[in-house]
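# Breakdown of the fold
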Amino acid sequence: MFQIDLTGKMVLITGASSGIGSGIAKMFAKAGADISGCGLEKEDGGFIKEAEGQGVKALYTVCDVTKKTDLQNLIQNTINTFGRIDILVSNAGQNVFEGAEKCDDENWQRNIELNLASHWQLAKLCKPHLEQNAGVIIIMTSNHAFSTIPGCFPYNVSKTALTGLVRSLAIEWGPRIRTVGLAPGFIDTPGNQQWFNSFADPEKERQRTIDLHPVKKIGTPEETGAWCVFLASDYAAFASGTTYLLDGGRNALMQDS
Ligand SMILES: NC(=O)c1ccc[n+]([C@@H]2O[C@H](COP(=O)([O-])OP(=O)(O)OC[C@H]3O[C@@H](n4cnc5c(N)ncnc54)[C@H](O)[C@@H]3O)[C@@H](O)[C@H]2O)c1
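Residues numbered from 1 in each chain as written. Predicted model: local features only at pLDDT ≥ 70, side-chain atom pairs only at ≥ 80, totals over all residues. Heavy atoms only, no water.

An unreviewed UniProt entry annotates the protein chain as NAD(P)-dependent dehydrogenase, short-chain alcohol dehydrogenase family originating from Mucilaginibacter mallensis.

And the structure:
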């Protein structure tokens, strides 16, 4: 039977308290990895209970990834508790959607700090720990790194830039550390449900979105988490320096009809 067993591994996941991050934590727990998760919220969002149910250890730290002192505290808490970091899933991020002309300096800066610089800062802090264990870095970018729609600036710019960060880390920090990017398309998260709810008929809008996808579904946080588990495993030992698009075929379909 084909199985991925990450027993004895320790994964640090940012943005583990909601959406895709909770799905990632759930799937790593199923694979037997211990988990250190962080987020902005006071509460962990349920991943600790989920992890303990799978018999693994889990820790939650409140952390703003755009603040260096918070990142240092996150690493310290993680090392104090687990003594090691094998895998980093740098997932925390947020839509900053504006028009290229309307976007002001404040939103540009906020976006660059959260959706680009924080990933680099955290990777640097994790590097010495990952090097000890032949580690893996997974950076969460987006299908907006491959194609976008009007009004999704400057998010698409930073998510595209992350594919460059993935390349640089892979070539400069390999072979000891493998770095890959994951670019999900439309995932069924609380934020996207909120977006559906902003329409007069949320179910109709959900169906319209589903129909944009050749697979006739939208993705789930668990499916995204399963990709992270695979990319972190030895089965993916040949994967580095590239960003994988996980979008249900949407990018393959011209959207002009
Ligand atoms: N939901 C989607 O369809 C989708 C698609 C492509 C890419 N993504 C990317 O996936 C990642 C997760 O998105 P999501 O939809 O699950 O979002 P979400 O809003 O459900 O969760 C975001 C998580 O990130 C954390 N976070 C946000 N800002 C933070 C900060 N400054 N410091 C620390 N933690 C912070 C939150 O606390 C939360 O745990 C993001 O990088 C997002 O760009 C999402």
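### Observations regarding the overall build of the protein chain
For clarity, the cut-off: Segments assigned H or I by DSSP are reported as helices when at least four residues long, segments assigned E as strands when at least two residues long, and all are numbered from the N terminus. C-alpha atoms define the radius of gyration in this analysis, and the globule rule sets the expected value at 2.2 Å times the number of residues to the power 0.38. Residue exposure (1.4 Å probe, protein chains only): buried if accessible area is under 20% of the type maximum, exposed if over 50%, otherwise partly exposed. The contact definition used throughout considers only heavy atoms, calling two residues in contact when any of these lie within 4.5 Å. In summary, the charge assignment counts Lys and Arg as positive and Asp and Glu as negative, without counting His or the chain termini. Lys charges are placed at NZ, Arg charges at CZ, Asp charges at CG and Glu charges at CD.
Each helix and strand counted, the protein chain has eight helices and nine strands in total. On C-alpha atoms alone, the protein chain measures out to a radius of gyration of 18 Å, which is about the 18 Å that the 2.2 N^0.38 rule sets for 257 residues. Taking all 257 residues of the protein chain together, 49% fall into the buried category. The contacts in the protein chain between residues at least 6 apart in sequence include a share of 70% that link residues at least 24 apart. Here the protein chain contributes 23 positive and 28 negative side-chain charges, whose respective centroids are spaced 4 Å apart.

### Some points on the pattern of salt bridges
The condition is simple: Whenever Lys or Arg places a side-chain nitrogen within 4 Å of a carboxyl oxygen from Asp or Glu, that contact is recorded as a salt bridge.
Tallied over the full model, the rule gives eight salt bridges. The salt bridge partner of Asp64 is Lys67, with a shortest N-O separation of 3.9 Å. When the shortest N-O distance is used, the salt bridge between Lys102 and Glu98 registers 3.5 Å. Judged by relative accessible area, which is 16%, Glu98 ranks as buried.

### Details of the site of the ligand
To keep things clear, this is the line we draw: A single heavy atom is enough: if one lies within 4 Å of a molecule or strand, its residue is considered near that molecule or strand. We call two N or O atoms a polar contact when they sit within 3.5 Å, provided that within protein one can donate a hydrogen and the other can accept it, with sequence-adjacent residues counted only if both atoms are side-chain atoms. To measure how exposed things are, a 1.4 Å probe is used in the Shrake-Rupley method; for residues, cover is taken only from the protein chains shown. Residue classes follow a fixed rule: Ala, Val, Leu, Ile, Met, Phe, Trp, Tyr, Cys and Pro count as nonpolar, while Asp, Glu, Lys and Arg count as charged, and any other residue, Gly among them, counts as polar.
Taken together, 27 residues are adjacent to the ligand, and Ser17, Ser18, Ile20, Glu41 and Tyr155 come closest. Interatomic distance of 2.7 Å between a backbone N/O atom of Ile20 and an oxygen atom of the ligand. Within the side chain of Asn192, a nitrogen or oxygen atom sits 2.9 Å from an oxygen atom of the ligand. Burial of the ligand by the protein amounts to 88% of the accessible area it has alone, namely 830 Å². When its residues are assigned to classes, the shell around the ligand shows 12 nonpolar, 12 polar and three charged.

### Overview of the sheet that holds strand β9 (residues 243–246)
Where strands meet in a sheet, backbone hydrogen bonds hold them as pairs that are either parallel or antiparallel. The line we're drawing: Whether two strands pair comes down to DSSP finding at least two bridges between them. A fitted line through C-alpha atoms serves as each axis, taken over the contacting stretch for helices, and the angle formed by two N-to-C directions is quoted from 0 to 180°.
Taken in spatial order, the seven strands make up an open sheet running β3-β2-β1-β4-β6-β8-β9, and their pairing is parallel. Edge positions in the open sheet fall to β3 (58–62) and β9, since each of these has one partner strand only. Strand-to-strand, the axes of this sheet are offset by a mean angle of 15 degrees, without reference to chain direction. The pairing of strand β1 (residues 10–14) with strand β4 (residues 87–90) spans three bridges and is classified as parallel. Each residue of the ladder has a partner; that of Val11, found in β4, is Ile87. Against the sheet, helix α1 (residues 19–30) contacts β1, β2 (34–39), β4, β6 (136–140) and β8 (178–184), and its axis sits at roughly 170 degrees relative to β1. Each of β1, β2 and β3 is contacted by helix α3 (residues 68–82), which is oriented at about 160 degrees to β3, the strand it contacts most.

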